Amino acid sequence: TLATDGVGTKILVAEEMGIWSTIGIDCIAMNVNDTICVNAEPVSFVDYIAIDEPDEELTRQIGVGLQRGAELSNMEIVGGEVAVLPEMVKGVDLSGTCMGYVAKDRVITGESCEKGDLIVSLRSSGIHSNGLTLARKVLSSQGVAMDDSLPGLGRSVGMELLEPTEIYVKQVLEIAREHPVHGLVNITGGGLRNFLRMRKGLRYVISDPVEPAPIFSAIRELGRMDDREIYQTLNMSMGFAIVAPADAAEEIAAAYGNASVVGRVEEGEGVLLEPSGIAYDHY
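Figured I'd write up the structure that's included with this text. Counting of residues starts from 1 at the beginning of each chain's written sequence and follows it residue by residue. Two thresholds apply to this predicted model, a pLDDT of at least 70 for residue-level local features and 80 or more for giving and counting side-chain atom pairs, whereas whole-chain, interface and lining totals are computed over all residues. Note that water and hydrogens are dropped before the side-chain values are worked out from all heavy atoms of the structure.

**Regarding the sheet that holds strand 2 (residues 41-51)**
As a general point, the strands of a sheet are linked pairwise by backbone hydrogen bonds and lie either parallel or antiparallel.
No. 1: Across the sheet, four strands lie side by side as 1-4-2-3; this open sheet has mixed pairing. Strand pairing shows two members of the sheet lacking a second neighbour, strand 1 (2-6) and strand 3 (76-84), which therefore form its edges. Each neighbouring strand pair of the sheet contributes to a mean axis angle of 15°, computed without reference to strand direction.
No. 2: Paired strands, as defined in this entry, are two strands with at least two bridges between them according to DSSP. Only DSSP runs of H or I covering at least 4 residues are called helices, and only runs of E covering at least 2 are called strands; the numbering of each starts at the N terminus. The pairing of strand 1 with strand 4 (residues 92-101) spans five bridges and is classified as antiparallel. Bridging across to strand 4, Ala3 finds its partner in Cys98. With axes taken as lines fitted to C-alpha atoms, and helix axes fitted only over the stretch in contact, angles between N-to-C directions fall between 0 and 180 degrees.

This is the structure:
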């Protein structure tokens, strides 16, 4: 299986903070977390940096993050490219492609999800690398600068937004080896709507969502956002989800400190955020 992705406007946060050593982790994470959604183990990665003018130190720092992300994914970076494109690029952009392997009889597509399954969430490390355009606009519209702090954060807004995306490779592949798993969902752009990629003819009910980290609460309050908008844009501390039979789901939640049962699968269609009564029926 192949996956390709970049880090989006998190690049602009890195630029404003002058910190480039973490976004390589995000680039790896955005790819490998998609790769494992079919139970594939990431085996190799190539990166692509487009930049307006040569900057050896900047690209070196990006490389530090890429290497760290590869280590966390138990994967090799087999190649890469730095393209200097002053007529096409203003600043820098980073993306990559990951190749993963899974035996045909071990592929997980979500088609085996069924009524009675439970949904386990693995906690996110923060906003990850999605929804940064929204987050930045909300914060800037309220006069909040990247080096400012907000109640409950304990560090600057910029450092909170730069927190690298959690890499779930080792944990998810271990869970899939040891437990019957029916579906795997990377909660990225689209938020809870990512569940719509699972088997049709079922409703994925989030009945007990994870308590969002303070950064999400700050963005929601400053942007006066309702649950519908924010849960379809940000991960709200639910970074990855596993759909499994009830007994297995309870065992998974008990075995991992970052895991908790957040919902169930029932007859119907779409996704339901039960506490708010909000339904999503299209991606």
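**A few points about helix 2 (residues 23-35)**
One turn of an α-helix holds 3.6 residues; hence residues three or four places apart share an orientation.
No. 1: Between the first and last residue of a helix there are one fewer steps than residues, each counted as 1.5 Å, and that sum is the expected span. For helix 2, built from 13 residues, the straight-helix expectation of 18 Å at 1.5 Å per residue is met to within 8% by its first-to-last C-alpha distance of 19 Å.
No. 2: The classification of residues rests on relative accessible area computed with a 1.4 Å probe and restricted to protein chains. Under 20% of the type maximum is buried, over 50% is exposed, and intermediate values are partly exposed. The element helix 2 is extensively covered by neighbouring structure, given that 12 of its 13 residues are classed as buried.
No. 3: Among the residues of helix 2, those classed as buried are Ile23, Gly24, Ile25, Asp26, Cys27, Ile28, Ala29, Met30, Asn31, Val32, Asn33 and Thr35.

**Some thoughts on a nonpolar patch on the surface**
No. 1: Only residues whose relative accessible area exceeds 30% and that form no salt bridge are eligible for patches; like-charged ones are grouped when within 9 Å, while nonpolar side chains (Val, Leu, Ile, Met, Phe, Trp, Tyr) are grouped when within 5 Å. Per-residue and other accessible areas follow the Shrake-Rupley method at a 1.4 Å probe size, with only the shown protein chains counted as cover for residues. In the sections that follow, a salt bridge refers to a side-chain nitrogen of Lys or Arg positioned within 4 Å of a carboxyl oxygen of Asp or Glu. Nonpolar side chains collect at one region of the surface, where Leu2, Val43, Met99 and Tyr101 lie side by side and expose about 440 Å² of accessible area between them.
No. 2: If you trace the backbone, Met99 turns up in strand 4.
No. 3: Judged by relative accessible area, which is 41%, Met99 ranks as partly exposed.

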